[in-house]
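Fold and geometry: a report
Residues per chain, in single letters:
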Amino acid sequence: MTRVAIIGAGLMGEDHAHIVAQDLPGARLQVVCDMDAARAKSVADATDAGDISSDPHAVIARADVDAVIVASPDFTHAPLSKACIAAGKPVLCEKPLSQSSVECLEVIEAEKNIGKQHVMLGFMRRFDQSYIEMRQALTSGVLGRPLMMHNFHRNVETPAADFTGAMAITNSAPHEFDVVRHVLGTEFTSVTAHQPRRSDDRVAPVVMVLETADGQLVTIEINNNAAYGYDVRAELVGEAGSIAMNNVAYTRTDMKLASGTRYDADWRGRYHEAYVRQNRDFLRFVETGNFPEIASDCWDGYCAAIVAEAGAKALATGQKQPITMIPKPDFYAAKTGVAA
Ligand SMILES: NC(=O)c1ccc[n+]([C@@H]2O[C@H](COP(=O)([O-])OP(=O)(O)OC[C@H]3O[C@@H](n4cnc5c(N)ncnc54)[C@H](O)[C@@H]3O)[C@@H](O)[C@H]2O)c1
């Protein structure tokens, strides 16, 4: 039985706790850790977890913890991932690895120094069936050469009143940056960022146009105040046709001369299956030591951070920005997992 600790028991941590408790045969939820002890207790009680804590470093060091899921705020991800690497424990770290590409490189160095991959990143879109089918359409050749990928990320409203366009790029867009890199199998080389004008003081949508090393164009709309629902769309256009994501809804209501499907209020329902698949792959990684073929790693975390930094600069300057990455370390080409 793999004993899992969850650090950070907010919205995402609570979801992870339920998945470990209900959907991962072979795993036991050993500890729920949160700075807020009442929060840790409430999630632990709901999931029948073994223990609670408010000290993440003590949890990582515990002999009765085999693997860690980090779902605390962004700024804690790199330090806690490094602590897991130092302790020799595999970690599923929520995205982003860090909002700073320099800090991502520090985690990469720590992993390279220890000689084995320990960190799987929570870019779970890769496990969503729609993106899996887009990737298959490219690898099988049916779509022909890929030309464009259009992406829309819409939330009902901004999480905080002081949310900015730069935050749309650094907090929301990394999911799109990661999954587009994954589907197209290439890197971004430049980005421009634009915003229309709203009639109020809420943050306006951000629209980015990115070029890839293989000469494709990618559009990404991040609209954090879309008002009507949580809505993610994507369309991959190839020379032989196009493949687009359908709105995922189990039912349609037909009434009063109209037909409608519902939208979720946030991401948790839409991506539940992807989170479960991701966490199952994490458990297999812990059990076998083999890093999952489609999962994001620290290199992917670095790439997402570099693109976000260039995107934020493009928005601030109004100028097209080059995206320049260090060469991919051989270490990540090999996908060497932590020893079982
Ligand atoms: N993969 C996804 O789709 C997805 C979706 C939402 C959020 N996230 C990521 O998950 C992380 C958490 O987001 P959230 O929406 O659950 O936030 P949240 O604010 O709801 O929860 C964060 C929790 O962490 C706790 N915490 C803060 N510092 C801590 C520390 N040092 N040690 C232990 N606990 C600590 C807080 O008390 C809080 O309960 C963020 O990094 C976010 O980017 C990922």
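Heads up: the structure comes first, above all this text.
Described below are features of the structure shown in this document.

**Examining the site of the ligand**
Around the ligand, a shell composed of 23 residues is seen, among which Met12, Asp34, Asp74, Glu94 and Tyr275 lie nearest. Side-chain polar atom of Asp74 to an oxygen atom of the ligand: 2.5 Å apart, as the coordinates give it. Contact between the ligand and Lys95: an oxygen atom at 3.1 Å from a main-chain N or O atom of the residue. Starting from 850 Å² of accessible surface for the ligand in isolation, the protein chains cover 78%. Elements represented by at least two residues in the shell around the ligand include exactly helix H1 (11–23) and helix H4 (74–87). By residue number, the principal contributor to the shell around the ligand is H4, which donates 3 residues. Along the lines of polarity and charge, the residues of the shell around the ligand split into 11 nonpolar, 7 polar and 5 charged.

**Some remarks on the packing of helix H5 (residues 101–114) against helix H11 (residues 298–317)**
Contact geometry for H5 and H11: axes closest at 8 Å, N-to-C directions at 170 degrees. The angle between the axes of H5 and H11 places the two elements in the roughly antiparallel class. Handedness of the crossing formed by H5 with H11: left-handed. Of the residues in H11, those in contact with Ser101, Cys104, Leu105, Val107, Ile108 and Glu111 of H5 are Cys298, Trp299, Gly301, Tyr302, Ala305, Ile306 and Glu309. Classifying every residue of the contact of H5 with H11 by side-chain character gives 9 nonpolar, 2 polar and 2 charged.

**Description of the layout of surface pockets**
Estimates place the volume of the largest pocket at around 920 Å³. Looking at the largest pocket, it is lined by 28 residues, and the ones nearest its centre are Leu11, Met12, Lys95, Pro159 and Trp267. Every element with two or more residues in the lining of the largest pocket is listed here: H1, H4 and helix H7 (165–172). Ranked by residues supplied to the lining of the largest pocket, first place goes to H1 with 3 residues. Residue composition of the lining of the largest pocket, by class: 12 nonpolar, 11 polar and 5 charged. Roughly 630 Å³ of internal volume is contained in the second largest pocket. Considering the residues around the second largest pocket, the lining is formed by 28 residues, among which Asn247, Val248, Ala249, Tyr250 and Arg270 are closest to the centre. Counting residues per element, the ones that place at least two in the lining of the second largest pocket are helix H6 (129–139), strand E11 (231–238), strand E12 (241–244), helix H9 (267–270) and helix H10 (272–288). Among the residues making up the lining of the second largest pocket, the classes are represented as 13 nonpolar, 7 polar and 8 charged. Counting contributing residues, the lining of the second largest pocket receives three or more from each of domain 1 (2–124 + 273–296) and domain 2 (126–268).

Calculation notes
Residues numbered from 1 in each chain as written. Predicted model: local features only at pLDDT ≥ 70, side-chain atom pairs only at ≥ 80, totals over all residues. Heavy atoms only, no water. Near = heavy atom within 4 Å. Polar contact = N/O pair within 3.5 Å; in protein donor to acceptor, adjacent residues only side chain to side chain. Areas by Shrake-Rupley, 256 points an atom, 1.4 Å probe, with all protein chains shown as cover. Helix = DSSP H or I, 4+ residues; strand = E, 2+ residues; numbered from the N terminus. Nonpolar A, V, L, I, M, F, W, Y, C, P; charged D, E, K, R; others polar. Axes fitted to C-alpha atoms, helices over the stretch in contact; angles between N-to-C directions. Parallel < 35°, antiparallel > 145°, perpendicular 65-115°, else oblique. Left-handed = near helix turned anticlockwise from the far one by under 90°. Contact = heavy atoms within 4.5 Å. 1 Å grid on protein atoms, 1.4 Å probe; cavity = no way out; pocket = protein on both sides within 12 Å on 5 of 7 lines; lining within 4 Å. Points joined across faces, edges and corners; volume = space filled by probe spheres on them. Domains from an automatic or database assignment.

Everything listed here is a matter of geometry and, on its own, says nothing about what the molecule does.
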